[in-house]
Amino acid sequence: MRETAASAFDVVELRRYRTNPGKRDALIALFDREFTENQEACGIVPIGHYRNLDDPDSFVWFRGFARYEARRQALESFYQGSQTWKDHRAEANDAIAESDDALLLRDARPHSGFDLAGLVRPTGTATRVTQFVGVAVLMLGVPPGDALVTAFENELLPRLREHARRNAYFVTDPRPNEYPQQPVRAGEHAFVAAGVCGDREALERWIEIFATANLPMELRAATRCCEILRLVPAARTLYGN
């Protein structure tokens with residue numbers, strides 16, 4: 001198992017796929033077995049992929065790129081040049097019903113993103129539910145400015161740290177999607193937070209902090225909607241195992 005250094009991702013994607021009924025586990029197994037190392041070889045880091053506790057047909061994953069400028073080449077290398085994708089594309093597409101719900105993100109502050117220091121990717125493919133990942137997706141009516149991020153750091157982040165480790169937070173990356181074959185949600189503004197919770201109770205406490213009444217004024221005024229994802233890490237996930 002290879003150790004992964006602390007995060008230095010210039011850009012991260014949060015991707016939410018709708019799978020065909022009964023196909024999510026098949027997609028996860030394919031991901032674990034065939035896609036993980038092959039994506040890494042192309043310059044894509046699969047940070048984590050997950051089952052959504054609240055939707056049996058929802059597959060959620062994060063992937064990261066060391067540099068924005070290298071993202072297009074990495075995606076072309078995997079999706080257009082790799083034998084792995086050619087061999088298993090039909091199986092993946094058979095499992096996926098929709099794949100266009102994706103946000104292009106960057107760290108809200110330098111080094112506020114995923115801290116992967118000391119983590120190693122598990123080699124087994126049997127999922128053991130020992131930890132959970134909470135993700136809060138706040139869709140905003142305006143671009144997230146410094147005052148909004150500061151309010152989050154001052155009022156919410158200390159409370160989140162009581163219930164989760166490796167808390168990370170991001171804002172929408174306004175740079176264009178240079179790989180249009182895989183669309184992202186353009187022209188939208190988001191603030192996204194994530195944390196690794198040691199048990200189900202900690203996950204619920206982490207989630208409660210994002211109730212509207214708990215949001216600082218800057219976040220509450222800007223937020224149009226808040227979606228909470230309660231996630232179970234797949235076997236070979238980095239962030240969450």
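In what follows, the structure referred to is the one given above.
Please read these numbers as outputs of a predicted model, since none were measured by experiment.

Chemist: Lay out the pattern of salt bridges in plain terms, naming residues and giving numbers.
Modeler: Side chains that carry opposite charge are capable of pairing whenever their charged atoms lie near each other. For the structure shown, the criterion picks out 25 salt bridges. A salt bridge links E76 to R72; its shortest N-O distance comes to 3.0 Å. Pair noted here: E76 and R72 are both in helix α2 (residues 68-79), with a separation of 4 residues, about one helical turn. Here R72 falls in the partly exposed class, since its relative accessible area comes to 43%. A salt bridge links R230 to E204; its shortest N-O distance comes to 2.6 Å. In this pair, R230 is assigned in strand β10 (residues 223-233) and E204 in helix α5 (residues 200-208), connecting sequence segments 26 residues apart. For E204, a relative accessible area of 24% corresponds to the partly exposed category. Each member of the salt-bridge network shares a partner with another, and the members are R16, D101, R185, E188 and E227.

Chemist: Break down the packing of aromatic side chains for me, with residues and values.
Modeler: The full count for this structure, using the stated rule, is 18 aromatic pairs. Plain terms: the ring middles of F35 and W85 are 5.6 Å apart, the flat faces sit at 50° to each other, and that makes the pair tilted. Taken as a pair, F35 in helix α1 (residues 24-42) and W85 in helix α3 (residues 83-95) lie far apart in primary sequence, 50 residues in all. This pair shows no difference in class: F35 is buried, exactly as W85 is. A ring pair is formed by F114 and Y239, whose centres lie 4.6 Å apart and whose planes are at 65°; its orientation type is edge-to-face. Of this pair, F114 sits in the loop between β5 (96-107) and β6 (119-120) while Y239 sits in the segment after β10, and the two are 125 residues apart along the sequence. A residue is classified by how much of its surface remains accessible, and F114, at 1% relative accessible area, is buried. Since its relative accessible area comes to 0%, Y239 is described here as buried. Three or more aromatic residues joined by ring pairs make a cluster, and in this case those are Y17, F31, F35, F59, W61, F78, Y79, W85 and Y179. A cation over a ring is seen here: R71 above F65, with NZ or CZ 5.9 Å from the ring centre.

Chemist: Could you give me a rundown of the nonpolar core, with the residues and numbers involved?
Modeler: Formed by 27 residues in total, the largest nonpolar core has its most connected members in L138, F152, Y169, F191, W206 and F210. Contributing elements (two or more residues each) for this core: β7 (132-140), α4 (146-160), β8 (165-172), β9 (189-197), α5 and α6 (217-222). A total of 6 residues in this core trace back to one element, the largest contributor, which is α4. Among all residues touching F152, those that are not within four sequence positions of it are L157, L160, Y169, F191, A193, F210, P216 and L219. Core analysis: the second largest hydrophobic core is formed by 26 residues, Y50, L105, L119 and L231 among them.

Thresholds applied
Along each chain, numbering runs from 1 in the same order as the chain's sequence is written. Selection of residues for local features in this predicted model requires a pLDDT of at least 70, selection of side-chain atom pairs for listing and counting requires 80 or more, and totals for whole chains, interfaces and linings are taken over all residues. Note: side-chain values were computed over all heavy atoms of the structure, leaving out hydrogens and water. Whenever Lys or Arg places a side-chain nitrogen within 4 Å of a carboxyl oxygen from Asp or Glu, that contact is recorded as a salt bridge. Only DSSP runs of H or I with at least four residues qualify as helices, and only runs of E with at least two residues qualify as strands; both kinds are numbered from the N terminus onward. Remark: exposure states derive from per-residue accessible area (1.4 Å probe, protein chains only) relative to the maximum for the residue type, with buried under 20%, exposed over 50%, and partly exposed in between. Two aromatic rings, drawn from Phe, Tyr or Trp (for Trp, its six-membered ring), form a pair once their centres lie within 6.5 Å of each other, and the interplanar angle then sorts them: stacked below 30 degrees, edge-to-face above 60, tilted otherwise. Throughout this description, the term charge over a ring refers to an Arg CZ or Lys NZ atom that lies within 6 Å of the ring centre and within 35 degrees of the ring normal. Only buried residues count toward a nonpolar core, which is a set of Ala, Val, Leu, Ile, Met, Phe, Trp, Tyr and Cys residues joined through side-chain atoms within 4.5 Å. What makes two residues a contact is simply this: any of their non-hydrogen atoms within 4.5 Å.

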